[in-house]
Amino acid sequence: MTVFRFLVVLVVFHLNFVWNIARGDNSVSCEFGKNCILPCTFKPGPELVIHWIQTIGNIQVHSFYHNQDQLGHQDQRFKGRTSIFKDQVSSGNASLQLTGVEFQDEGRYKCYTSVTSGNQESFINVIVDGMTNTENTH
Ligand SMILES: *[C@@H]1O[C@H](CO)[C@@H](O)[C@H](O)[C@H]1NC(C)=O
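Residues numbered from 1 in each chain as written. Predicted model: local features only at pLDDT ≥ 70, side-chain atom pairs only at ≥ 80, totals over all residues. Heavy atoms only, no water.

Details of the site of the ligand
Okay, step 1: The local shell around the ligand consists of Ile37, Thr41, Phe85, Gln88, Asn93 and Ser95.
Okay, step 2: Taking glutamine 88, its side chain carries an N or O atom lying 2.6 Å from an oxygen atom of the ligand.
Okay, step 3: One of the side-chain N or O atoms of asparagine 93 is found 2.4 Å from an oxygen atom in the ligand.
Okay, step 4: Here the ligand has 360 Å² of accessible area as a free molecule, and 49% of this is covered by the chains.
Okay, step 5: For the shell around the ligand, a count of residues per class yields two nonpolar, four polar and no charged. (Near = heavy atom within 4 Å. Polar contact = N/O pair within 3.5 Å; in protein donor to acceptor, adjacent residues only side chain to side chain. Areas by Shrake-Rupley, 256 points an atom, 1.4 Å probe, with all protein chains shown as cover. Nonpolar A, V, L, I, M, F, W, Y, C, P; charged D, E, K, R; others polar.)

Description of the side chain of aspartate 105
Okay, step 1: With respect to the secondary-structure elements, aspartate 105 resides in the loop between strand 7 (96-98) and strand 8 (107-115).
Okay, step 2: A polar contact of 3.0 Å, which involves the side chain of aspartate 105, links it to the side chain of arginine 77.
Okay, step 3: Ignoring sequence-local partners within four residues, the contact set of aspartate 105 consists of Gln54, Arg77, Phe78, Arg81, Leu98, Gly100, Val126 and Val128. (Helix = DSSP H or I, 4+ residues; strand = E, 2+ residues; numbered from the N terminus. Contact = heavy atoms within 4.5 Å.)

Quick word on the pairing of strand 9 (residues 118-129)
Okay, step 1: Bridge count between strand 1 (residues 27-31) and strand 9: five bridges; the pairing is parallel. Bridge pairing links cysteine 30 to valine 128 in strand 9.
Okay, step 2: Across nine bridges, strand 8 lies against strand 9 in antiparallel orientation. Residue pairing for strand 9: tyrosine 109 is matched across the bridge by isoleucine 124.
Okay, step 3: From the end of strand 8 to the start of strand 9, which pair antiparallel, there are two residues. (Pairing = 2+ DSSP bridges.)

Here's what the structure looks like:
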């Protein structure tokens with residue numbers, strides 16, 4: 001029974017992932033070493049909480065609540081490389097800016113937002129480009 005439920009969850013997750021990629025609107029290409037914006041929007045409201053998570057390993061990328069960045073539990077790898085646009089959060093823009101993009105940044109990210117009226121989650125697939133250019137010159 002447990003195995004069956006696990007399989008159902010797995011299949012649903014997989015279909016969701018394939019669907020997200022197939023739709024093509026949840027991916028962002030980032031250039032190695034450059035800055036990159038991971039888009040996220042939500043329905044604004046009071047008592048805003050934002051959590052950006054890299055889903056593999058459940059890594060804390062950036063958090064924001066009580067009207068300020070909360071980086072006490074941020075993963076070392078993201079230290080000093082993340083920011084959100086504070087002048088835009090009140091209008092429902094929780095996009096994350098990542099600086100000095102690394103190859104390990106590639107993968108799936110979750111943008112979790114919560115306000116008094118409820119919470120929202122969205123996912124974005126980050127693809128890191130960089131090797132293509134050097135390969136083409138050979
Ligand atoms: C969110 O803010 C960033 C930075 O100003 C901007 O590039 C992006 O387009 C904004 N997203 C939306 C949906 O307004």
